[in-house]
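Structural overview
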Amino acid sequence: WLPRASVAVDIPYVGRARGDFEISHIENDALRSYVASASLELAFGHFSAGGGAMFGSGLGGRDIGAFGAVSIHSAREPGLPASEHAVSIRIESTPGTRGHVKLLRKLWRIADTRTIDAVVLVLRAEPADSYAHAEELADAVRVLRARGKKVLCSLEDNGARSLYVCANADRIVVNPAGGVRYAGLRSQYMYLAGLLDKIGVKAEFVRIGAHKSAPEEFENYHASPVAAADHVDYLRNVEAVFDKNLANGRHLTEERVREVTLKGPYVASEAKEYGLVDGTAFDDELDHVVHEMVGKPVAVEKYDDPKDAPAAFGSENKVAILYVDGDMVDGRSQTIPIIDMKRVGSYPIAAPVRALSDDSRVKAVVLRIESPGGSSMAADVMWRELRLLAKKKPLIVSMGGIAASGGYYIAAAGREIYALPLTLTGSIGIFYGKADLSGLLGKIGVNIDTYRTAPRADAESLFRGFTPDEKAELQRKVKQFYDVFLDRVATGRHMTTAQVDAVGQGRVWVGQQAIQKGLVDKMGGLREALAEARRLANLPSDAPIAEYP
């Protein structure tokens, strides 16, 4: 055994200085010797080289020696800065939930990289699947610019959500043969009652609150007056936020934005004329546009996430993102092919919540909700596990595009709730029902014989409708479920059940309304939620992020 001490100091933008001291034969006065060394290592990315001097009595008869070394590392070592350059990120399909967060994390990392001068967002598809996600990307663009990066958006044939994100960039160019497909905002809802009538199927639902309009898709030919008013109110809120963002980014008045909206959609030359873009450019001309924007020639490279050496030895404390993504169902998660519908099960969420609760390295959790709700049982199973987790460590909720009904139910377990201005949330209400197929079966000559030991034994059968007695009983039971929902929210939000009921009844709110109603604590996206989680857990701003499930 040779006693040895080492010390290494990282020198910013240079590499690492190192010193060593070693003693041999420490127990033998006659043979005892020592060797000391001092060295400097210059690192550049994954490569390093350096050298130094050795001196002492253990160098085989010499008092001093020299050495050199070269190394290749699997991770990028801190050292000499790379040359200043620009990076490009190309989007050819709209990101899903985790793809969206991956894109946000890339942009945040670029914002903290000193040697990147500019970012080119090459958008060949809409960059977000909702206006709430578009707002998070717009926020990331604003962060890039606040850190001194120039941002260029390259469009081809894009719509309103691309315009929302890119309004915050330094410059927007569009392919000369392309355009901007923007002529205002819209929402559309499908009603199937007419089709069900033709095939002999009857939808039967009981619900709490006139605003709980989801069953109307199957019961009505058109939206009820209450639902229609809610849809118009939602669209007006989206328009107000959209117009303000576009006006601020493009240096227009909101009145001018509304005037321009009436003249769309636009070919490339028209989009430039009306101030929606700054110019036209083919892909091969983007380097020149960046040169003009930055004011000096810089190389534009495709951005790849760098693999950095860990800042410390061993496991680090971290913050976790827990995703609840899709319609909630009891049991296991499901994905319906062709239509690519995600259904998130209660079991695959409950298990990782318990694991996060027990993992001592996870100091805080951000619950990222992208769900319109679903099974009230699944929501309650998740809520219970999340509630227990919140008693052990900070649980911060980040609402994405939608966190409504069961999505809001589980949010009530968190310490603080962050929502984006256009997050769809609320919808505190319950409905239950079934399809009566007896008319369809009669049309095709199918008869069903039923035998039962009690009148309600086949109440949930699809082969007959509900009786008036059964509907009355279901209404009572749905009210009981609704009361549980109110209690969960009242407990989490420190409100009375009457206060929750006043903003419940199935009413859907956007985030900027929900904060006024006491359903949300703060406006902000995932970036703000992660910052709050780290603050509450006393974690540094660069604490690693782990994603679950």
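Note that this is a predicted model, so its numbers are computed, not measured.

Below, the discussion takes up the overall build of the chain. Looking only at helices and strands, the chain has 17 helices and 25 strands in total. The globule rule puts the C-alpha radius of gyration for 549 residues at 24 Å, and the 30 Å found for the chain is more than 25% above it. With respect to the three principal axes, the spread of C-alpha positions in the chain is 105 × 65 × 50 Å. Evaluated residue by residue, the chain yields a buried proportion of 47% over its 549 residues. A sequence separation of at least 24 residues applies to 69% of the contacts in the chain between residues at least 6 apart. Carbon and sulfur atoms make up 54% of the accessible area of the chain, which totals about 27,300 Å². Averaging the locations of the 68 positively and 70 negatively charged side chains of the chain gives two centres separated by 3 Å.

To continue, consider the pairing of strand β7 (residues 116–123). In terms of burial, β7 is a largely internal element, eight of the eight residues being buried. Relative to β7, strand β6 (residues 85–91) is paired through seven bridges, and the arrangement is parallel. Within β7, the residue paired with Val 87 across the bridge is Val 119. For the crossover from β6 across helix α1 (residues 97–111) to β7, the handedness is right-handed. Relative to strand β8 (residues 150–158), β7 runs parallel, the two sharing six bridges. Within β8, the position partnered with Val 122 by the bridge is Ser 154. Following the chain from β7 across helix α2 (residues 131–146) to the adjacent parallel β8, one finds a crossover that is right-handed.

We now examine the pattern of salt bridges. Between side chains of opposite charge, pairing is possible as soon as their charged atoms come close. Tallying each qualifying case throughout the model produces 44 salt bridges. The shortest N-O distance in the salt bridge between Arg 256 and Glu 259 comes to 3.2 Å. With Arg 256 and Glu 259 both in helix α7 (residues 254–261) and three residues apart, this pair spans about one turn of that helix. Note on Arg 256: relative accessible area 29%, which makes it partly exposed. A residue is classified by how much of its surface remains accessible, and Glu 259, at 42% relative accessible area, is partly exposed. For Glu 370, the salt bridge is made with Arg 368, and the minimal N-O distance between the two is 3.4 Å. In this structure, Glu 370 and Arg 368 share a single accessibility class: buried.

Where α1 contacts α2, the two axes come as close as 9 Å, and the packing angle between them is 10°. Relative to α2, α1 is oriented roughly parallel. Residues His 100, Leu 103, Leu 104, Leu 107, Trp 108, Ile 110 and Ala 111 of α1 form the contact with α2, whose own contacting residues are His 133, Glu 136, Leu 137, Ala 140, Val 143 and Leu 144. Across the contact of α1 with α2, the residue classes tally to ten nonpolar, two polar and one charged.

This brings us to the state of the cysteines. A covalent bond between the sulfur atoms of two cysteines is referred to as a disulfide. Counting across every chain of the model gives one disulfide. Residue Cys 153 pairs covalently with Cys 166 via a disulfide, S to S 2.2 Å. Looking down the S-S bond of the Cys 153 and Cys 166 bridge, the torsion is -80°, so its handedness is left-handed. With Cys 153 in strand β8 and Cys 166 in helix α3 (residues 160–166), this residue pair connects regions lying 13 residues apart in the sequence.

Attention shifts here to the sheet that holds strand β16 (residues 334–336). Judged by pairing direction, the sheet is mixed, and its three strands sit side by side in the order β15-β17-β16 without closing on themselves. Only two strands of the sheet have a single partner each, and these edge strands are β15 (327–329) and β16. Taking the axes of each pair of neighbouring strands and ignoring which way they run, one obtains an average angle of 30° across the sheet. Against the sheet, helix α10 (residues 346–358) contacts β15 and β17 (341–345), and its axis sits at roughly 50° relative to β17.

This model, assessed by the stated rule, comprises nine aromatic pairs. On the numbers, 6.1 Å between centres and 90° between planes, the contact of Tyr 131 with Phe 242 is edge-to-face. Taken together, the residues Tyr 131 in helix α2 and Phe 242 in helix α6 (residues 225–250) connect sequence positions 111 residues apart. The same class applies to Tyr 131 as to Phe 242, namely buried. With centroids separated by 5.8 Å and ring planes inclined at 50°, the aromatic side chains of Tyr 164 and Phe 242 adopt a geometry described as tilted. Of the two residues, Tyr 164 is situated in helix α3 and Phe 242 in helix α6; the sequence distance between them amounts to 78 residues. Classification of Tyr 164 as buried rests on a relative accessible area of 2%. Phe 242 sits in the buried class, given a relative accessible area of 1%. Put simply, the rings of Tyr 131, Tyr 164, Tyr 182 and Phe 242 pair up and form one aromatic cluster. Over the ring of Tyr 131 we find Arg 161; its NZ or CZ atom is 5.8 Å from the centre of that ring. The cationic tip of Arg 488 hangs over the ring face of Trp 383; the distance from NZ or CZ to the ring centre is 4.2 Å.

A separate point is the nonpolar core. The biggest cluster of nonpolar side chains holds 67 residues, and the ones touching the most others in it are Leu 121 and Phe 242. Among the elements that make up this core, the one with the highest residue count is α2 (eight residues). Listed in part, the 51 residues of the second largest apolar core include Leu 322, Ile 349, Ala 378 and Ala 546.

This part is about the pairing of strand β18 (residues 362–371). Taken residue by residue, a regular strand's side chains alternate between the two faces of the sheet. With nine of ten residues buried, β18 is to be regarded as a mostly interior element. Bridging between strand β14 (residues 318–325) and β18 involves eight bridges; their strand directions are parallel. Counted as the bridge partner of Lys 318 is Val 362 from β18. Two strands pair when backbone bridges link them, and β18 and strand β19 (residues 395–404) are joined in this way by six bridges, in the parallel orientation. Bridge pairing in β19 links Arg 368 to Ser 398. Remark: the β18/helix α11 (residues 376–392)/β19 crossover connection has right-handed handedness.

What counts as what
Residues numbered from 1 in each chain as written. Predicted model: local features only at pLDDT ≥ 70, side-chain atom pairs only at ≥ 80, totals over all residues. Heavy atoms only, no water. Helix = DSSP H or I, 4+ residues; strand = E, 2+ residues; numbered from the N terminus. Rg over C-alpha atoms; globule rule 2.2 N^0.38 Å. Buried < 20%, exposed > 50% of the residue type's maximum accessible area, 1.4 Å probe, protein only. Contact = heavy atoms within 4.5 Å. Areas by Shrake-Rupley, 256 points an atom, 1.4 Å probe, with all protein chains shown as cover. Lys, Arg positive; Asp, Glu negative; His and termini not counted. Charge placed at Lys NZ, Arg CZ, Asp CG, Glu CD. Pairing = 2+ DSSP bridges. Right-handed = clockwise from strand over helix to strand, strands pointing away. Salt bridge = Lys/Arg side-chain N within 4 Å of Asp/Glu carboxyl O. Axes fitted to C-alpha atoms, helices over the stretch in contact; angles between N-to-C directions. Parallel < 35°, antiparallel > 145°, perpendicular 65-115°, else oblique. Nonpolar A, V, L, I, M, F, W, Y, C, P; charged D, E, K, R; others polar. Disulfide = S-S within 2.5 Å. Phe/Tyr/Trp six-rings, centres within 6.5 Å; stacked < 30°, edge-to-face > 60°. Lys NZ or Arg CZ within 6 Å of the ring centre and 35° of its normal. Core = buried A, V, L, I, M, F, W, Y, C linked by side-chain atoms within 4.5 Å.

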